[in-house]
Amino acid sequence: MKKIFLNLVILFVLFGNNFFVSTKPRSVFLPKQQKTNIECLEKIVYFEAGNQSLVGKVAVAYVVYNRARSRQFPNDYCSVINQKNQFTNIKRKIRYEKNYLESECVANSFILLPDPTKGAKYFHNKHTGNDWMKGRKRGIVIGDHLFY
């Protein structure tokens, strides 16, 4: 409980009054909130967006969340993250503790914030081109990532 409270305080300090503004009501609790799923989410936020802004980290967390809620993907975070050729391998070594702590806070609290991706289920680095994105409507740019 202390961890959740600390995460909320950190997010409030970072976002100010915008922390409480949301365009639609949202449950505070994640579906099937399990420790292993949250740990997977912490790691993918770190490896995919560790060098991005807080909004960029929240956006990556929401992509995983949006996929887990979709019938197109598995319904838990670890299964979504570990799908072949979808995300960075999360079994690598964590090198920058500060970035990991931010990713940990995001993974535990992102659901309280509005989805900056507006429901995106895909993203990639805007400096790389991928065949799978051809024909897709251009997405939202957040930091170094394009979200679709």
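That block above? That's the structure.
Values in this document were obtained by computation on a predicted structure and should not be read as measured data.

Chemist: Go over the pattern of salt bridges with me, naming the residues and quoting the values.
Modeler: Overall, the coordinates contain 2 salt bridges when judged by the stated rule. In this structure, the salt-bridge partner of Lys 57 is Glu 102, at a minimum N-O distance of 3.1 Å. With Lys 57 in helix H3 (residues 54–69) and Glu 102 in helix H5 (residues 97–109), this pair connects stretches of sequence that are 45 residues apart. With a closest N to O distance of 3.0 Å, Lys 98 and Glu 102 form a salt bridge. Here Lys 98 and its partner Glu 102 are both found in helix H5, 4 residues apart, which amounts to about one turn of the helix. The exposure class assigned to Glu 102 is partly exposed, which follows from its relative accessible area of 27%. A network of salt bridges, in which partner residues are shared, links Lys 57, Lys 98 and Glu 102.

Chemist: Please give an account of the environment of Phe 87 that cites residues and values.
Modeler: The residue Phe 87 is located in the loop between helix H4 (77–81) and H5 in this model. Apart from residues lying up to four places away in sequence, Phe 87 is in contact with Ile 44, Glu 48, Val 63, Val 64, Arg 67, Val 80, Ile 81 and Phe 123.

Chemist: Account for the packing of H3 against H5, naming residues and giving values.
Modeler: Between H3 and H5, the shortest axis-to-axis distance is 10 Å and the interhelical angle comes to 50°. By the angle between their axes, H3 is oblique relative to H5. For H3 against H5, the interelement crossing comes out right-handed. Within the contact between the two elements, H3 uses Leu 54, Lys 57, Val 58 and Ala 61 and H5 uses Asn 99, Glu 102, Ser 103 and Val 106. In the contact of H3 with H5, the residues fall into 4 nonpolar, 2 polar and 2 charged.

Chemist: Go over unusual backbone geometry with me, naming the residues and quoting the values.
Modeler: The residue Asn 85 is not glycine, and still its phi comes out positive at about 60°. Summarising the element assignment, Asn 85 is placed in the loop between H4 and H5. Residue classification places Asn 85 among the exposed residues on the basis of a relative accessible area of 71%. Of note in this structure, Lys 118 is not a glycine but carries a positive phi near 55°. Note on placement: Lys 118 falls in the loop between H5 and strand S1 (123–125).

Chemist: For H5, give the residues involved together with the corresponding values.
Modeler: Each α-helix turn comprises 3.6 residues. Residues three or four places apart therefore point the same way. Under the 1.5 Å per step criterion, the end-to-end length of H5 is 18 Å for 13 residues, consistent within 8% with the ideal 18 Å. Within H5, the full set of buried residues consists of Asn 99, Tyr 100, Ser 103, Glu 104, Cys 105, Val 106, Ala 107, Asn 108 and Ser 109.

Chemist: Residues and numbers for helix H2 (residues 35–49), please.
Modeler: Its 15 residues place the ends of H2 21 Å apart at the C-alpha level, agreeing with the 21 Å of an ideal helix rising 1.5 Å per residue. Within H2, burial applies to Asn 37, Ile 38, Cys 40, Leu 41, Glu 42, Ile 44, Val 45, Tyr 46, Phe 47, Glu 48 and Ala 49.

Parameters and conventions
Residues numbered from 1 in each chain as written. Predicted model: local features only at pLDDT ≥ 70, side-chain atom pairs only at ≥ 80, totals over all residues. Heavy atoms only, no water. Salt bridge = Lys/Arg side-chain N within 4 Å of Asp/Glu carboxyl O. Helix = DSSP H or I, 4+ residues; strand = E, 2+ residues; numbered from the N terminus. Buried < 20%, exposed > 50% of the residue type's maximum accessible area, 1.4 Å probe, protein only. Contact = heavy atoms within 4.5 Å. Axes fitted to C-alpha atoms, helices over the stretch in contact; angles between N-to-C directions. Parallel < 35°, antiparallel > 145°, perpendicular 65-115°, else oblique. Left-handed = near helix turned anticlockwise from the far one by under 90°. Nonpolar A, V, L, I, M, F, W, Y, C, P; charged D, E, K, R; others polar. Expected span 1.5 Å × (residues − 1).

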